[in-house]
Amino acid sequence: MNDLQLSKNFKLSEFVFSNVAADAGIDNTPTVKQIKNMTVLCLTVLQPIRDALGPVEITSGFRSSKLNKHPLVGGSPNSHHRCHSGYAAADFKVRGVFVQDVVEWIRDSPLPFEQLISEPTWVHISSYLHRPKREIMKATHEGGKMVYTLI
């Protein structure tokens, strides 16, 4: 199942792999519905980014409920990485392209993303099966916490 092709250049294995899950013995297997949400993200958002900008490395994709709650992950209960309720998310890098350049390209594109976050060393993007908001934020470290501001 992990070799399932989600789009031309993305496989399910890229989304479910997690060092934290492997080290903690956490099952990070998605449901059929969650796979559908990841497929939509790949086909409508990630594949066009890869086609335009080059190879994309997924640094964090699908998170099961248990993985999302793990202290080393610390995900929000409503994280789009859980790929539930029509959402799916991935944190990624584009090889050889600065984060800000990736964010600006996505911002200026017609891609149907829900949320785009410029993180210090990667990009977070999510999709939604219905009307995507195209919300854009920047994450910065302030006082030992990550702060997100709309841009």
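For the structure, check the block above.
Residues numbered from 1 in each chain as written. Predicted model: local features only at pLDDT ≥ 70, side-chain atom pairs only at ≥ 80, totals over all residues. Heavy atoms only, no water.

S.K.: Got a minute to help me understand the packing of helix α3 (residues 32–53) against helix α5 (residues 99–108) in this structure?
M.R.: In a pair of packed helices, the angle between the axes and the distance between the axes together describe the arrangement. At a minimum axis separation of 11 Å, α3 and α5 run at an interaxial angle of 115°. As for how α3 packs across α5, the hand of that crossing is right-handed. Across the interface between the two elements, Pro48, Ile49, Ala52 and Leu53 from α3 touch Val102, Trp105 and Ile106 from α5. Taken together, the residues that form the contact of α3 with α5 break down as seven nonpolar, no polar and no charged. (Axes fitted to C-alpha atoms, helices over the stretch in contact; angles between N-to-C directions. Helix = DSSP H or I, 4+ residues; strand = E, 2+ residues; numbered from the N terminus. Left-handed = near helix turned anticlockwise from the far one by under 90°. Contact = heavy atoms within 4.5 Å. Nonpolar A, V, L, I, M, F, W, Y, C, P; charged D, E, K, R; others polar.)

S.K.: Before we go on, may I ask you to explain the nonpolar core in this structure?
M.R.: Side chains of a nonpolar character, in soluble globular proteins, are inclined to be buried together. Core analysis: the largest hydrophobic core is formed by 30 residues, its most contacted members being Phe15, Leu46, Ile49, Phe92, Ile106 and Ile125. Elements supplying a minimum of two residues to this core: α1 (12–16), α3, β3 (56–60), β4 (87–94), α5 and β6 (123–128). In terms of residue count, α3 provides more of this core than any other element does, seven residues in total. Sequence-distant contacts of Leu46, defined by excluding residues within four places in its chain, comprise Phe10, Phe15, Leu41, Ile58, Ala90, Phe92 and Ile125. (Core = buried A, V, L, I, M, F, W, Y, C linked by side-chain atoms within 4.5 Å. Buried < 20%, exposed > 50% of the residue type's maximum accessible area, 1.4 Å probe, protein only.)

S.K.: Just checking my understanding: could you explain the side chain of Gln47 for this structure?
M.R.: Within the secondary structure, Gln47 is located in helix α3. A distance of 2.7 Å separates polar atoms of two side chains, one belonging to Gln47 and the other to Asn9. Leaving out residues up to four positions away in the same chain, Gln47 has contacts with Ser7, Lys8, Asn9, Phe10 and Cys42. (Polar contact = N/O pair within 3.5 Å; in protein donor to acceptor, adjacent residues only side chain to side chain.)

S.K.: Help me understand the environment of Thr140 in this model?
M.R.: Within the secondary structure layout, Thr140 lies in strand β7 (residues 135–142). Put simply, Thr140 and Ser118 are 22 residues apart on the chain and 8.9 Å apart in space, counted from C-alpha to C-alpha. The residues contacting Thr140, other than those within four sequence positions of it, are Lys145, Met146 and Val147. Of note is the side chain of Thr140, whose polar atom sits 3.2 Å from the side chain of Glu142.

S.K.: Before we go on, may I ask you to explain the layout of surface pockets in this structure?
M.R.: Over the atoms rolls a probe the size of a water molecule, and in doing so it shows where empty space is left. Space inside the largest pocket adds up to approximately 700 Å³. Contributing to the lining of the largest pocket are 27 residues, with Ser60, Arg63, Val73, His81 and Asp91 lying nearest its centre. At the level of secondary structure, the elements contributing two or more residues to the lining of the largest pocket comprise α2 (19–24), β3, β5 (115–118) and β8 (145–150). For the lining of the largest pocket, a count of residues per class yields 10 nonpolar, 14 polar and three charged. (1 Å grid on protein atoms, 1.4 Å probe; cavity = no way out; pocket = protein on both sides within 12 Å on 5 of 7 lines; lining within 4 Å. Points joined across faces, edges and corners; volume = space filled by probe spheres on them.)

S.K.: Hey, could you run me through the packing of aromatic side chains in this one?
M.R.: Given two aromatic rings, one states the distance between the centres and the angle between the planes to describe the pair. Overall, the coordinates contain one aromatic pair when judged by the stated rule. On the basis of an interplanar angle of 20° and a centroid distance of 4.3 Å, the ring pair of Tyr87 and Tyr128 is categorised as stacked. Linking Tyr87 in strand β4 with Tyr128 in strand β6, this pair joins segments that are 41 residues apart in sequence. Under the relative-accessibility criterion, Tyr128 is labelled partly exposed at 23%. (Phe/Tyr/Trp six-rings, centres within 6.5 Å; stacked < 30°, edge-to-face > 60°.)

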